[in-house]
Amino acid sequence: MKKPFKILSTGTLAAAILLSGSALTAGKAFADEAVPATKSTLEANSFASQLINYHLSILAKDAAQATGKDEDDIRDALAVGDTLPEATGISNADLLSDLTPIITFDLHKASSYGIISADELLASEAAVAEQLGAILETKGDKLPTADNNATLAHLVMNRLDNVVRDTASFARKDQNDISEALRQGNTLVQSATSLDPGELKDDLLGLLKQDLQFQVSTYGVSQADADRFYALGAGKLSEIMNTSGYNPDSVKWAAKDLSKLVASRINHVITDTAFFARKDEKDVREDLLQGKTLVASAANLDPGELKEKISNVIRQDLDFVVAMGQATQEDANKSYAEAVSKIADIINTPGYTPETVAVQADLQKVIQARIDRVINDAAVFGKKEERDVREDLRQGKSLVASAARLDPGEFKEKVLNLLRQDLDFQVSLNRATQEDANKYYSEGAAKLTDIINTPGYTPESVTAQADLEKVIQTRIDRVINDTAVFGKREEKDVLEDLRQGKTLAASAANLDPGELKEKVLKVLRQDLDFQVSMHRATQADADKYYSEGALKLSEIINTPGYTPSKA
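A. Fine view of the overall build of the protein chain. Broken down by element type, the protein chain carries 30 helices and zero strands. Every one of the 567 residues in the protein chain was classed for burial, and the buried ones make up 47%. Surface summary for the protein chain: the accessible area is close to 27500 Å², and the carbon and sulfur share equals 49%.

This is the structure in structure tokens:
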């Protein structure tokens with residue numbers, strides 16, 4: 001059963017997926033001051049980039065909330081090679097329109113807080129448009145994870161966003177009373193009359209410190225990074241709490257196309273009916289095929305109840321747009337009246353057929369996704385390491401022979417069952433007919449049968465190869481930060497040592513001679529080995545580039561007054 005559409009809150013406004021050219025794992029913290037960006041370029045180490053990276057890391061969740069789909073269903077569809085538009089059943093253009101403001105919302109807030117500059121905001125919006133457009137074309141489940149600095153940036157924003165609520169909590173007052181005091185020109189400090197001078201600041205900064213220190217103690221985030229983000233957040237919180245008439249709702253947007261919003265909800269009317277009626281969506285569609293109305297299909301509801309529930313969802317959508325400053329209440333009320341009229345007609349129309357047709361799955365891609373995973377499947381079913389299966393293939397064995405613990409034919413049955421499940425899933429989402437699924441199953445079954453019985457099978461598609469030169473450069477770019485972390489110092493102190501002509505090795509004076517080099521090279525080794533484990537590089541290439549990178553890093557950490565080269 002599908003979940004209902006949920007109104008997006010500022011706590012859940014975020015967004016996810018593989019970026020081409022993004023710095024999702026760059027791991028570099030922002031500068032202490034916002035660095036102006038060019039119109040088309042956003043610095044990879046900026047706060048804005050970290051904020052984008054965090055939101056992109058949870059894009060599947062927000063795509064689910066924006067479309068009313070189940071997040072698990074979306075991820076299942078991605079796993080068989082769908083793009084995000086295919087996984088949600090929403091066109092590329094509409095999904096881009098829905099997700100872009102979700103991702104950029106925090107960027108506008110960060111700008112209003114003064115964390116990022118106007119130039120950075122423009123560059124950020126351009127970056128989001130470019131990256132998200134590429135993301136929606138990406139096939140398969142390649143969702144990235146946010147790095148430590150992206151998470152820290154999100155935590156700073158979360159504390160700034162909730163400063164009025166937190167003030168009310170510490171002052172033991174109603175949040176509405178605090179907001180009213182602000183509207184009258186008071187500061188948050190003045191609004192918290194029950195607290196001694198300075199007490200509110202200590203409480204608010206204490207919350208921020210707790211959030212960031214939890215990442216240090218639980219997830220191994222570097223203390224230097226946590227301290228850097230704390231300094232930024234603490235400075236902004238101090239400004240906000242002493243600002244007369246502070247207005248947390250000052251972020252405004254361009255006008256929203258309410259007709260598109262209403263159309264989107266109408267497109268979900270069958271899904272919504274299934275949820276409110278507690279039925280499977282395919283059963284509701286079957287009722288429509290038999291000439292019933294949606295009201296009749298939702299027989300468990302009282303007369304008028306279905307209309308009321310769907311109308312409430314539309315009301316929430318429109319109220320959210322008003323709250324974000326993207327529409328006036330008058331326009332929202334007008335659109336609501338029009339939408340309710342349309343909904344009333346639709347749910348009472350016998351055999352209603354949506355004007356828009358669901359996105360059709362490319363079943364050939366479903367087959368290819370299973371073929372791409374057949375070696376991994378052999379490892380899982382054979383209870384072996386994937387590298388051992390690949391070694392068997394290099395020795396001329398077949399996948400069936402590699403999975404020797406299974407009875408003859410059992411491995412084939414398990415592999416074909418996976419293909420069957422993947423194709424049936426597309427049928428369940430109305431993206432394919434059962435007839436087409438059966439046809440493609442026969443084709444895929446024949447291919448997979450050949451593959452698993454082929455001695456020394458070699459996949460036709462080769463995993464994209466990593467640019468190991470970039471892996472080395474990333475470590476070089478982070479060497480000052482790494483020195484600060486390993487040396488248990490502030491990065492600004494390390495930079496000051498360099499300006500005074502010291503080496504990085506000398507700056508990390510708490511370490512034994514050679515220990516900094518050992519730690520820095522170990523991180524490089526880990527980065528390169530990770531690419532090997534993902535089959536993006538051979539061990540021979542990783543060893544070659546390790547030697548090259550180790551030489552460069554050794555020179556850098558022993559260079560007096562080292563100055564990073566600028567790209």
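B. Region of the structure containing the nonpolar core. By size, the foremost hydrophobic cluster in this structure holds 63 residues, and its most contacted members are Phe47, Leu84, Leu99, Ile115 and Leu188. In this structure, Ile367, Leu406, Leu448 and Ile452 belong to the second largest nonpolar core, which totals 30 residues.

C. Representation of the packing of aromatic side chains within the structure. With the rule as written, the count across this model stands at four aromatic pairs. Here the aromatic rings of Phe47 and Phe229 are separated by 6.3 Å at their centres, their planes lie at 40°, and the arrangement is tilted. With a gap of 182 residues between them, Phe47 in helix H1 (residues 47–56) and Phe229 in helix H12 (residues 223–241) connect regions that are remote in the sequence. Like Phe47, the residue Phe229 is buried in the burial classification. The interplanar angle of 70° and the centroid separation of 5.5 Å between the aromatic rings of Phe275 and Phe276 together place this pair among those described as edge-to-face. Taking relative accessible area as the criterion, Phe276 reaches 15% and is therefore assigned buried. Against the face of Tyr230 rests Lys209, its NZ or CZ located 4.0 Å from the ring centre. Seen from the ring of Tyr336, Arg315 lies directly overhead, with NZ or CZ sitting 4.5 Å from the centre.

D. Highlighting unusual backbone geometry. With phi around 55°, Arg172 is a residue other than glycine that occupies positive phi space. Turning to its location among the elements, Arg172 is positioned in the loop between helix H8 (163–171) and helix H9 (175–183). The exposure class assigned to Arg172 is exposed, which follows from its relative accessible area of 80%. Positive phi outside glycine occurs at Lys383, with the angle close to 55°. Within the secondary structure layout, Lys383 lies in the loop between helix H20 (374–382) and helix H21 (386–394). Exposure remark for Lys383: the relative accessible area of 66% places this residue in the exposed category.

E. Geometry of helix H27 (residues 491–499). Among all positions of H27, only Val494, Asp497 and Leu498 are buried. Each buried residue of H27 sits inside an arc of 100° when the element is viewed along its axis, so together they form one side. Turned more than 90 degrees off the buried face of H27, the exposed positions are Lys492 and Arg499. Summarising the contacts, the buried residues of H27 are in contact with helix H26 (479–486) and helix H28 (504–507).

F. Structural context of the pattern of salt bridges. The tally for this structure, following the rule as stated, stands at 36 salt bridges. The closest approach of N and O atoms between Asp319 and Arg315, which form a salt bridge, is 3.3 Å. Here the residue Asp319 and the residue Arg315 both occupy positions in helix H17 (residues 305–323), the gap between them amounting to four residues, near one helical turn. On the basis of relative accessibility, which here comes to 33%, the residue Asp319 falls in the partly exposed class.

G. Representation of the confidence of the model for the protein chain within the structure. Confidence along the protein chain averages 80 in pLDDT terms, with 87% of residues attaining 70 or more. Per-element confidence in the protein chain is highest for helix H16 (residues 294–297), whose mean pLDDT is 93, and lowest for helix H2 (residues 59–67), whose mean pLDDT is 77.

H. Seen up close, the packing of helix H25 (residues 468–477) against helix H29 (residues 515–533). Closest axis-to-axis distance for the H25/H29 pair is 10 Å, and the angle between their directions is 150°. Relative to H29, the element H25 is oriented roughly antiparallel. Along this stretch, H25 crosses H29, giving a crossing that reads as right-handed. Judged by residue contacts, Leu468, Val471, Ile472 and Arg475 of H25 engage Val523, Leu524, Asp527, Leu528 and Gln531 from H29. Grouping the constituent residues of the contact of H25 with H29 by class yields six nonpolar, one polar and two charged.

Definitions and cut-offs
Residues numbered from 1 in each chain as written. Predicted model: local features only at pLDDT ≥ 70, side-chain atom pairs only at ≥ 80, totals over all residues. Heavy atoms only, no water. Helix = DSSP H or I, 4+ residues; strand = E, 2+ residues; numbered from the N terminus. Buried < 20%, exposed > 50% of the residue type's maximum accessible area, 1.4 Å probe, protein only. Areas by Shrake-Rupley, 256 points an atom, 1.4 Å probe, with all protein chains shown as cover. Core = buried A, V, L, I, M, F, W, Y, C linked by side-chain atoms within 4.5 Å. Phe/Tyr/Trp six-rings, centres within 6.5 Å; stacked < 30°, edge-to-face > 60°. Lys NZ or Arg CZ within 6 Å of the ring centre and 35° of its normal. Arc of directions from axis to C-beta. Contact = heavy atoms within 4.5 Å. Salt bridge = Lys/Arg side-chain N within 4 Å of Asp/Glu carboxyl O. pLDDT = per-residue confidence, 0-100. Axes fitted to C-alpha atoms, helices over the stretch in contact; angles between N-to-C directions. Parallel < 35°, antiparallel > 145°, perpendicular 65-115°, else oblique. Left-handed = near helix turned anticlockwise from the far one by under 90°. Nonpolar A, V, L, I, M, F, W, Y, C, P; charged D, E, K, R; others polar.

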